[in-house]
Amino acid sequence: MTPKSVLDNVGQGVVLGVAAHFSFVSYGLVWLYGAPNEPQSGEVKPVQPRHCTVCAAYPMRSTIVRPISAFLIVDVQNDFISGSLNISNCSAQQNGLEVIEPINKLLDTVDFDAVFYSLDWHPSDHVSFIDNIKQRPIHPTSPLNADNAQVYDTVIFAGPPPMKQRLWPRHCVQDSWGSELHKDLKVVEHGVKVYKGTNPEVDSYSVFWDNKKLSDTTLCAQLRLKGSTDIYVCGLAYDVCVGKCAG
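Reading the values: the criteria
- Residues numbered from 1 in each chain as written.
- Predicted model: local features only at pLDDT ≥ 70, side-chain atom pairs only at ≥ 80, totals over all residues.
- Heavy atoms only, no water.
- Salt bridge = Lys/Arg side-chain N within 4 Å of Asp/Glu carboxyl O.
- Helix = DSSP H or I, 4+ residues; strand = E, 2+ residues; numbered from the N terminus.
- Buried < 20%, exposed > 50% of the residue type's maximum accessible area, 1.4 Å probe, protein only.
- Pairing = 2+ DSSP bridges.

Asker: With reference to specific residues and values, describe the pattern of salt bridges.
Answerer: Pairing is possible between side chains that carry opposite charge, provided their charged atoms lie close to one another. Within this structure, the stated rule accounts for seven salt bridges. Among the ionic pairs, Arg 136 bridges to Glu 201, the shortest N-O distance being 3.0 Å. Linking Arg 136 in the loop between strand 5 (114-120) and strand 6 (154-157) with Glu 201 in the loop between strand 8 (192-196) and helix 3 (219-226), this pair joins segments that are 65 residues apart in sequence. For Arg 136, a relative accessible area of 11% puts it in the buried group. Classification of Glu 201 by relative accessible area gives partly exposed; the value is 44%. Lys 183 is the partner of Asp 184 in a salt bridge, and the nearest nitrogen-oxygen pair spans 3.2 Å. In this structure Asp 184 comes out as partly exposed when scored by relative accessible area, which is 41%. By relative accessible area, Lys 183 is classed as exposed at 71%. Connected through shared salt-bridge partners, Asp 75, Asp 120 and Lys 196 make up one network.

Structure representation (structure tokens):
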């Protein structure tokens, strides 16, 4: 069943609870009055709730509200699959290529209302690159300094304000091969690319805002513009960028 067809088989007499929440699925069908295809006559009698009973506390509307789905595909880029920050070299030793087939299958079989592709999009002097560590002063409280810090270590830059930063290999530099979406990933015609990590002074794991939440990307505005109610998140890597988007 596609996200759009959740309510397709429901006839007249449906009342929905509307809540301000990303996930419409959690706040969907509340009451069903009578059978879907039977005419309504006389006094209608509510049957037991078919979905989330919490919604009974929310204001009701007597029209059918359809969910608007958005599919967010996070950072399926060359550098994370076979490039400088290949996740198979990290502790979990997972193969980033394995996410592509199920993502493509979802794009082929599910009628999402909107599809977004996020891209790490760093300038060459980005604060997260270990080879840039000597470009910025280290705070006195940092457990490591520019001479003994290694890749994947965390240091504290002086700022202001002081800022913890994990150090990564140079990756996803703007307009480089490593920053491109993998060639086997399906890119749909109506898909929208969202760029993150563009500020050289702060990292950005989430597709919504940078790690210090000083600024956001265009994603929130585009989701509001499309009226999105459901957001489905997938991509690379679960414990970093995907997790920060869903958290």
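Asker: Explain the pairing of strand 4 (residues 69-74) to me, and be specific about the residues and the numbers.
Answerer: Counted residue by residue, strand 4 has six buried out of six residues, so it is predominantly covered. Burial of the side chains of strand 4 extends over both faces: Ser 69, Phe 71 and Ile 73 are buried on one face and Ala 70, Leu 72 and Val 74 on the other. Pairing between strand 4 and strand 9 (residues 230-235): six bridges, direction parallel. When the bridges of strand 9 are listed, Val 74 appears paired with Gly 235.

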